[in-house]
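Below, each chain spelled out in residue letters.
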Amino acid sequence: MAGPFPPPSRQTDLLHNPVRAKQMIEHLRRQGHPVVWLLRKAGLCPKELEQDTPSVPFRMVVTLWEEAARLTGDDFFGLHFGTMEKPSVATPLFYFVRSAETVLQLSEMLTRFGQVLGAGVEYYPERLETHGELAWRIHVPPETTGRQTVEHSVADILTGLRVASGQRIHPRKVLLQSPSPRKTSELQRVLGCPIEFNAPHNAIRLRPSTLDLPLLTADPHLKALMAGHCEAILSKTQAISLSRQVEIHVLKHSGVCWPRQVDVARHFGMSCRSFVRRLSDEGTRFRELSAKLREDLALSLVRETDQQMAQIAGRLGYSDSSAFSAAFRRWHGQSPRQMRAIARKSA
């Protein structure tokens, strides 16, 4: 299982723009379902969704999807709604993402600007470079698994990729942070790939050839026009923690050489003393972050890539493969070659 990821957030009252939930409510209304009752079950008022740019507590959005599944009797309601082709959403993010020229560019835009819809979903843009995957985590309230929301998000993004590219994209693997349902055949049919449940995050892991696919909806002029709007909106959202920024920076630059504390501090425009103090205020140290990142990235590269051990050792800052192998054995009780062999057998 690939990492690393910070502990799940409990800030489930963060506000979110429920653009897909609004479309879901309209879909159920056309089918004759009692949507006012459904909204009441989620603690929402119809007027809250009628605003041009609604913003509601994210925990209510999650509850809404769970209650919709109960109302319809469809245990895979979120998944099925995610596969429907829906009308355009009048948000800057939607038009910006759809204007991308390739699947890779679309993925980069989504993970970079997904936060413009508000809180509740956290994206991991560095995973595109290190694992070739769109990765995000949903801050699910502790009283529910949020399975409908999780499955809908994966199906919605994958369907968008398929429509935009005109190709029946089959991911290498899909990761879901929610537990496995009793029957998984429907998920397998829709997603068309191996699925990992109870993962630390959600992800659609794509093949290199898929990332290079051109998009039918490409529009460079629209992309340039909408970029400023999304940047302006993003600049007003709550900034992520320094420790999270450090994690992203280290993983992004680890392909050249493993970053040192002094270099990372300089990147963020701080003296080493200020850098140490800021991380201490967040309850961590650079050495701890770096060690955990190195350990988790090592496991991921050994299990999920074909890179030579010497390459992995160099990327992680070890002098040679024997030093790396010794460290890997301390972490996981096996040599990297043994771990890779086991991973290949279970694939």
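Preceding this section is the structure that the text describes.
1. Here's the deal with the environment of L251
As for its position among the elements, L251 is in helix α13 (residues 242-253). Judged by its relative accessible area of 3%, L251 is buried. In sequence terms L251 and T130 are 121 residues apart; their C-alpha atoms lie 7.5 Å from each other.

2. Details of the packing of helix α7 (residues 103-113) against helix α9 (residues 147-165)
Where α7 contacts α9, the two axes come as close as 11 Å, and the packing angle between them is 145 degrees. Between α7 and α9 lies a crossing of right-handed hand. Taking contact as the criterion, the partners of V103, L106 and L110 in α7 are, on α9, I157, L161, A164 and S165. Partitioned by chemical class, the residues of the contact of α7 with α9 number 6 nonpolar, 1 polar and no charged.

3. Describing the pairing of strand β4 (residues 133-138)
Where burial is concerned, most of β4 is hidden: 6 out of the 6 residues are buried. Pairing geometry for strand β3 (residues 121-123) and β4, over 3 bridges, is antiparallel. Its bridge partner being in β4, V121 is matched across the sheet by I138. With 4 bridges joining them, β4 and strand β7 (residues 202-205) adopt antiparallel strand pairing. Bridge pairing links E133 to R205 in β7.

4. Observations concerning the packing of α13 against helix α16 (residues 286-304)
Where α13 meets α16, the axes come as close as 11 Å, and the angle between the chain directions of the two elements is 45 degrees. Considering the angle they form, α13 stands oblique to α16. The hand of the α13/α16 crossing is right-handed. Listed contacts from α16 to S243, V246, E247, V250 and L251 of α13 are F286, L289, L293 and L297. The residue makeup of the contact of α13 with α16, split by class, is 7 nonpolar, 1 polar and 1 charged.

Conventions adopted
- Residues numbered from 1 in each chain as written.
- Predicted model: local features only at pLDDT ≥ 70, side-chain atom pairs only at ≥ 80, totals over all residues.
- Heavy atoms only, no water.
- Helix = DSSP H or I, 4+ residues; strand = E, 2+ residues; numbered from the N terminus.
- Buried < 20%, exposed > 50% of the residue type's maximum accessible area, 1.4 Å probe, protein only.
- Axes fitted to C-alpha atoms, helices over the stretch in contact; angles between N-to-C directions.
- Left-handed = near helix turned anticlockwise from the far one by under 90°.
- Contact = heavy atoms within 4.5 Å.
- Nonpolar A, V, L, I, M, F, W, Y, C, P; charged D, E, K, R; others polar.
- Pairing = 2+ DSSP bridges.
- Parallel < 35°, antiparallel > 145°, perpendicular 65-115°, else oblique.

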